[in-house]
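In case you want the letters, here they are:
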Amino acid sequence: MRLLVTGGAGFIGSSLVDRLLADGHEVAVVDDLSSGDRANLDGADGHPLFRFYELDVRDLALRGLMAEWRPEVVCHLAAQISVRASVADPVHDARLNVEGTVNVLEAARAAGARKALYASSVAVYGRPAVIPVPGDAATDARSPYAASKLSGEVYLSMFRALHGLSYTTLVLSNVYGPRQSPTGEAGVVSIFTDALLRGSPTVVYGDGSQTRDYIFVDDVVDGFVRACGERGNGRRFNLGTGVQTTDRELHSLVALAAGAPDEPRFEPARLGDLPAMAVDPAPAIDGLGWHPRTDLLTGLKTTVEWARSR
Ligand SMILES: NC(=O)c1ccc[n+]([C@@H]2O[C@H](COP(=O)([O-])OP(=O)(O)OC[C@H]3O[C@@H](n4cnc5c(N)ncnc54)[C@H](O)[C@@H]3O)[C@@H](O)[C@H]2O)c1
């Protein structure tokens with residue numbers, strides 16, 4: 001199969017590219033390297049079935065590129081991913097995440113693509129009443145990032161109704177693993193890992209009881225691969241474990257994986273932080289035959305090994 005991955009130089013996108021090439025697919029990446037790293041594609045470079053295009057997904061040149069490459073499936077992961085950055089500059093967030101998504105979908109449709117896969121976020125659930133959040137839970141965007149991600153979901157549905165472009169939306173919980181940047185806000189695992197390996201202090205905000213649902217990047221990639229076919233057309237699936245891990249527990253597990261002292265400093269909770277989050281993966285298990293296979297400590301050990309080797 002021939003695919004195009006936007007955001008393919010990023011943390012999740014580059015792992016998806018490696019898997020698709022290993023499975024024998026032809027893969028083109030479109031990435032402007034704004035937060036991604038070209039080195040994430042070192043393993044793909046030189047592969048006869050791989051192409052890299054440095055381009056902003058909002059650029060109208062994407063249409064010519066897509067018309068030439070003619071992908072069967074377009075995996076759209078390029079995005080501005082910071083909630084805080086979206087609050088500070090909602091216009092920039094919308095330009096990247098809304099306009100970018102519309103340009104990608106229009107180019108995909110015009111080039112005759114069969115299907116688009118879209119990385120959405122649990123941020124679209126706002127402050128959910130039920131945890132783990134069921135697959136059919138109401139959405140409730142409470143940040144510009146959540147609103148822009150949700151608008152991408154609406155556009156997918158519209159492109160399917162108007163043009164027959166199939167799609168599957170994958171709603172990702174807290175993804176962690178090799179290649180995640182420790183500089184952003186999203187990757188608490190990479191932030192803890194980086195600090196603990198350097199022997200720097202680590203901070204837990206609040207009393208440590210806040211929970212998140214950590215999903216290993218290879219499991220997320222497997223969800224995308226399963227959604228490339230006919231399964232899950234016109235549907236959205238949570239990709240998470242359904243298990244809540246507290247910040248304090250996570251710190252202990254990363255410290256264990258890194259062989260470092262488990263002594264975080266506690267600072268006041270940050271305004272607006274959700275107290276708890278986990279999503280129910282049951283619809284993805286039914287609809288895609290997907291399972292979150294990697295247990296947290298195993299995934300953390302792999303992540304720490306990768307960080308140590310850098
Ligand atoms: N990491 C998570 O926990 C998580 C959770 C939910 C959803 N997601 C979604 O998954 C996707 C990938 O996230 P990630 O964690 O790999 O982030 P990332 O920042 O590592 O990857 C994003 C990639 O998109 C590229 N990009 C950004 N703007 C672009 C533009 N205008 N044109 C072309 N390329 C552009 C960046 O250079 C980067 O390579 C995003 O859509 C994000 O919203 C991630």
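It should be noted that the structure appears before, not after, this text.
Calculation criteria
Residues numbered from 1 in each chain as written. Predicted model: local features only at pLDDT ≥ 70, side-chain atom pairs only at ≥ 80, totals over all residues. Heavy atoms only, no water. Near = heavy atom within 4 Å. Polar contact = N/O pair within 3.5 Å; in protein donor to acceptor, adjacent residues only side chain to side chain. Areas by Shrake-Rupley, 256 points an atom, 1.4 Å probe, with all protein chains shown as cover. Helix = DSSP H or I, 4+ residues; strand = E, 2+ residues; numbered from the N terminus. Phe/Tyr/Trp six-rings, centres within 6.5 Å; stacked < 30°, edge-to-face > 60°. Buried < 20%, exposed > 50% of the residue type's maximum accessible area, 1.4 Å probe, protein only. Lys NZ or Arg CZ within 6 Å of the ring centre and 35° of its normal. Patch = residues over 30% accessible without salt bridge, like charges linked within 9 Å, V, L, I, M, F, W, Y side chains within 5 Å. Salt bridge = Lys/Arg side-chain N within 4 Å of Asp/Glu carboxyl O.

(A) Region of interest: the site of the ligand. If you check the shell around the ligand, you find 28 residues, and the closest are Asp31, Ser35, Val57, Tyr145 and Lys149. Interatomic distance of 2.9 Å between a backbone N/O atom of isoleucine 12 and an oxygen atom of the ligand. Backbone polar atom of leucine 77 to an oxygen atom of the ligand: 2.8 Å apart, as the coordinates give it. For the ligand, whose accessible area on its own is 830 Å², the fraction buried by protein is 95%. Listing elements by their share of the shell around the ligand, those giving two or more residues are α1 (11-22), β5 (115-121), α5 (144-163) and β7 (174-176). Tallying contributions element by element places β5 first for the shell around the ligand, with three residues.

(B) Region of the structure containing the packing of aromatic side chains. All told, the structure shown has one aromatic pair when counted by the stated rule. Judged by centre distance (5.4 Å) and plane angle (55°), the rings of tyrosine 176 and phenylalanine 216 are tilted. Of this pair, tyrosine 176 sits in strand β7 while phenylalanine 216 is found in strand β10 (residues 214-216), placing the two residues 40 residues apart along the sequence. Phenylalanine 216 shares its class with tyrosine 176; the two are buried. Positioned over the ring face of phenylalanine 52 is arginine 38, at 4.1 Å from the centre of the ring. Positioned above the aromatic ring of tyrosine 205 is the side chain of arginine 270, whose terminal nitrogen or guanidinium carbon lies 4.1 Å from the ring centre.

(C) Highlighting a nonpolar patch on the surface. Together, Tyr155, Met158 and Leu162 give the surface a local cluster of nonpolar side chains, amounting to about 270 Å² of exposed area. Checked against the element boundaries, methionine 158 lands in helix α5.

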